[in-house]
Protein chains: 2
Amino acid sequence: MLYLHFKEKEYPLKMKNFYARHDRLYVAVDSVIFGFDGEQLMLLLIRRNFEPCKGSWSLMGGFVKKEESVDEAASRILYALTGLKDIYMEQLHCYGDPLRDPGARTISIAYYALIKVNEYDRERVSRHNAQWFSIQSIPALVFDHNRMVNDALEALRQKAKHQPIGFELLPEKFTLPQLKKLYDAIYQKNFDKRNFSKKILSMGILERLNEKVKNHSIRPASLYRFDRKRYKQLLKEGFHFGI
Amino acid sequence: MLYLHFKEKEYPLKMKNFYARHDRLYVAVDSVIFGFDGEQLMLLLIRRNFEPCKGSWSLMGGFVKKEESVDEAASRILYALTGLKDIYMEQLHCYGDPLRDPGARTISIAYYALIKVNEYDRERVSRHNAQWFSIQSIPALVFDHNRMVNDALEALRQKAKHQPIGFELLPEKFTLPQLKKLYDAIYQKNFDKRNFSKKILSMGILERLNEKVKNHSIRPASLYRFDRKRYKQLLKEGFHFGI
DNA sequence: GCAAAAGTGTTCGGGCTACACCCATGA
DNA sequence: TCATGGGTGTAGCCCGAACACTTTTGC
């Protein structure tokens, strides 16, 4: 705070020494990218075409640059793979074992991102040799990435209980059966559809549209939209989302 | 994984180049150290006798060394201040704004620790000019440390709802009124003492001792101990702690 | 008209909340 | 004997869980 007005070269010498005594480490970010295909929760993984562990499956990641924030690095790296900006991302955890990356001492800040499974840039994705995997069948990943995935799933489950983040995984307009299937997939449960609609509709955060969608040549379902404004208003009034 | 058998000098050249292209950053850890004095939730802060921001109040922190894990660094730093080992600590969040530390580009991994307020090494604490502050009256801290404290409080509140971590802040033997006061302090509420004891005792994780304690010359209260073995057993049976 | 998924209400029980009085002790 | 905090039980209400049948459409 006190020193914000110094340019780097002007720091008092003792301050420069204070930092210079210490080690500097590579700082990576890795992204657990979730999607939802209508039935299963999915994960976007890349096949590494670079060392170390070339040819293995891996989370998308990259190194934090000196002049960017860690959050910005995470967004930049998500953009590089998907072409998407302004995506819901949460910092998950910092993984800091000195042996976790055999190539060099690298700590990694893992994030998880929720994207709509149809709205990404397919050209970028194929350029990175990326593929979607069901969370039921995740391959062996490099380093500690499987642990990151497990931790991300757990964090997503916790978060989705108390925050309306499921909508980040669905298209703008969706049906109640779709929404229920999403929560079924997240929690590997089979929610009761009556109780589920009662609960979600009673919150008053869904706007029912005057449109229906014909699913697979059966009875069409009503479309809904998540009403963000209404949700924020309710938050101010002390409302608490909960599944 | 594949490269674990290489010593650093033997890495393939392309791997060394892969890392060498990137920036290395200072990585700090900062600890939000909580205690409980019987009435209020307390925070252990140091007055910095080193630059930058010498003389200001600050969380205890330090830099991660190349050969230690981030968790180890956090434990080492907690030990340096308190002389305590094997303390309950949770990683909180990584703070990665490039301007957060005006001295140099430093990311910080914040932790929170729960210690018993009477069991620390007073000599070390005074050597670091450290003092306890009530969470009601936290002074202005350096950098983004106030934000860390707020985030740690929020995380502690969330965690303590679902995990029996409150006991980390109490002596081995404690009374129900003490425990209630602790939760009162954490949530800034006034729990109903009847409902509180009903709930906590019904979980079956407290062992009632055949001892009483004379508080302050009033009616003595029964002492209890948190039964860790029983708790772990219950966990296996699907039990879920909850306040 | 039949197959397939959408949509809709009620009942029951358990848990949370609110609430007030007596008890044990030290001064 | 009085002041102080420890300790205990009950009743109402709300919310979550369980559960089945009718409706709409395409084929």
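Our subject is the structure that appears above.
This structure is a prediction, so every number in the text was calculated from the model and none was measured.

Enquirer: Looking at this structure, I do not really get the protein's contact with DNA strand C. What am I missing?
Expert: As a structural note, the neighbourhood of DNA strand C is formed by 20 residues, with Arg194(A), Lys198(A), Ile218(A), Arg194(B) and Arg219(B) the closest of them. For DNA strand C, the backbone makes up 38% of the atoms found within 4 Å of the protein, where backbone means sugar plus phosphate. Take Asp192(B): an N or O atom from its side chain is 3.5 Å from a base nitrogen of DNA strand C. Between Lys198(B) and DNA strand C, the recorded distance is 3.3 Å, taken from a side-chain N or O atom to a base nitrogen. Going through the elements one at a time, α6 (193–202) and β10 (221–226) of chain A together with α6 (193–202) of chain B are the ones with two or more residues in the surface near DNA strand C. Among the residues making up the surface near DNA strand C, the classes are represented as five nonpolar, five polar and ten charged.

Enquirer: Just to check I follow, could you spell out the packing of helix α5 (residues 176–187) of chain B against α6(B) for this structure?
Expert: Packed helices, taken two at a time, are described by the angle their axes make and the gap between the axes. All names here are of chain B. At a closest axis distance of 10 Å, the pairing of α5 and α6 adopts a crossing angle of 105°. By the angle class used here, α5 and α6 are roughly perpendicular. Contact residues: Leu-176, Leu-179, Lys-180 and Tyr-183 in α5; Lys-193, Phe-196, Ser-197, Ile-200 and Leu-201 in α6. The residue inventory of the contact of α5 with α6, partitioned by class, reads six nonpolar, one polar and two charged.

Enquirer: Please clarify how the protein's contact with DNA strand D should be interpreted in this entry.
Expert: In the vicinity of DNA strand D there are 19 residues, among which Arg219(A), Lys193(B), Arg194(B), Lys198(B) and Ile218(B) approach most closely. In DNA strand D, atoms within 4 Å of the protein come 40% from sugar and phosphate. Between DNA strand D and Arg219(A), the relevant distance is 2.4 Å, taken from a base oxygen to a side-chain nitrogen or oxygen of the residue. Measuring from a phosphate oxygen of DNA strand D, one finds a backbone N or O atom of Ser222(B) at 2.8 Å. When contributions to the surface near DNA strand D are tallied by element, the ones reaching two or more residues are α6 of chain A together with α6 and β10 (221–226) of chain B. Looking at the surface near DNA strand D element by element, the count peaks at five residues for α6(A).

Enquirer: Quick question: what am I supposed to make of the state of the cysteines here?
Expert: Covalently bonding the sulfur atom of one cysteine to the sulfur atom of another cysteine gives a disulfide. The full count for this structure, using the stated rule, is zero disulfides over all chains. In this model Cys53(A) remains outside any disulfide bridge; the closest cysteine sulfur is found in Cys94(A), 19 Å from its own.

Enquirer: Is there a simple way to think about the environment of Leu45(B) in this case?
Expert: All names here are of chain B. By secondary structure assignment, the location of Leu-45 is in strand β2 (residues 41–47). Classification of Leu-45 as buried rests on a relative accessible area of 0%. Here Leu-45 is in contact with Trp-57, Ser-58, Leu-59, Asn-129, Ala-130, Gln-131, Phe-133, Ile-138, Pro-139 and Leu-141, once residues within four sequence places are set aside.

Enquirer: I keep staring at the interface of chain A and chain B and nothing clicks. Help me out?
Expert: It is common to give the size of an interface as the accessible area lost on bringing the parts into contact. In this complex, chain A contributes 45 residues to the contact, which on the side of chain B involves 46 residues. Across the interface of chain A and chain B, roughly 4500 Å² is buried in total on both sides, 63% from carbon and sulfur atoms. Applying the counting criterion to the chain A and chain B interface returns zero salt bridges. The tally of links from chain A across to chain B stands at 20 residue pairs in polar contact (both at pLDDT 80 or more).

Enquirer: When you look at the pattern of salt bridges in this model, what are you seeing that I'm missing?
Expert: If the charged atoms of two oppositely charged side chains come close together, the side chains can form a pair. Residue and element names in this part refer to chain B. Following the criterion strictly, the structure yields 28 salt bridges over all chains and no others. Among the salt bridges present, the one from Glu-39 reaches Lys-181, with a minimum N-O distance of 3.1 Å. Highlighted residues: Glu-39 in the loop between β1 (24–36) and β2 and Lys-181 in helix α5, separated in sequence by 142 residues. The exposure class assigned to Glu-39 is partly exposed, which follows from its relative accessible area of 47%. Judged by relative accessible area, which is 34%, Lys-181 ranks as partly exposed. Note that Arg-194 is salt-bridged to Asp-192, the shortest N-O span being 3.7 Å.

Enquirer: Explain the relation of the copies chain A and chain B to me, please; I cannot follow it from the model alone.
Expert: Mapping chain A onto chain B is achieved by rotating through 180° and translating by 0.0 Å along the same axis, at an RMSD of 0.0 Å. As the rotation angle and translation indicate, the two copies are arranged about a two-fold axis.

Enquirer: Is there a simple way to think about the pairing of strand β6 (residues 106–114) of chain A in this case?
Expert: Looking down a regular strand, the side chains alternate between one sheet face and the other. All names here are of chain A. The element β6 is extensively covered by neighbouring structure, given that nine of its nine residues are classed as buried. Of the two faces of β6, the one holding Thr-106, Ser-108, Ala-110, Tyr-112 and Leu-114 and the one holding Ile-107, Ile-109, Tyr-111 and Ala-113 are both buried throughout. The sheet contact formed by strand β1 (residues 24–36) and β6 spans nine bridges and is parallel. In the sheet register, Asp-30 faces β6, and the bridge partner there is Ala-110.

Enquirer: Would you explain the sheet that holds strand β9 (residues 206–213) of chain B in this entry?
Expert: Backbone-to-backbone hydrogen bonds pair the strands of a sheet. The strands run either parallel or antiparallel. Residue and element names in this part refer to chain B. The strand order across the open sheet built from three strands is β8-β10-β9, with neighbouring strands paired in antiparallel fashion. Because the sheet does not close on itself, it has two edges, and the strands there are β8 (173–174) and β9. In the sheet, β8 pairs with β10 via two bridges, with the strands oriented antiparallel. Residue pairing for β10: Phe-174 is matched across the bridge by Tyr-224.

Criteria and cut-off values
- Residues numbered from 1 in each chain as written.
- Chains lettered and ligands numbered in written order.
- Predicted model: local features only at pLDDT ≥ 70, side-chain atom pairs only at ≥ 80, totals over all residues.
- Heavy atoms only, no water.
- Near = heavy atom within 4 Å.
- Polar contact = N/O pair within 3.5 Å; in protein donor to acceptor, adjacent residues only side chain to side chain.
- Helix = DSSP H or I, 4+ residues; strand = E, 2+ residues; numbered from the N terminus.
- Nonpolar A, V, L, I, M, F, W, Y, C, P; charged D, E, K, R; others polar.
- Axes fitted to C-alpha atoms, helices over the stretch in contact; angles between N-to-C directions.
- Parallel < 35°, antiparallel > 145°, perpendicular 65-115°, else oblique.
- Contact = heavy atoms within 4.5 Å.
- Disulfide = S-S within 2.5 Å.
- Buried < 20%, exposed > 50% of the residue type's maximum accessible area, 1.4 Å probe, protein only.
- Buried area = accessible area lost by both parts, 1.4 Å probe.
- Salt bridge = Lys/Arg side-chain N within 4 Å of Asp/Glu carboxyl O.
- Least-squares fit on C-alpha atoms with pLDDT ≥ 70 in both.
- Pairing = 2+ DSSP bridges.

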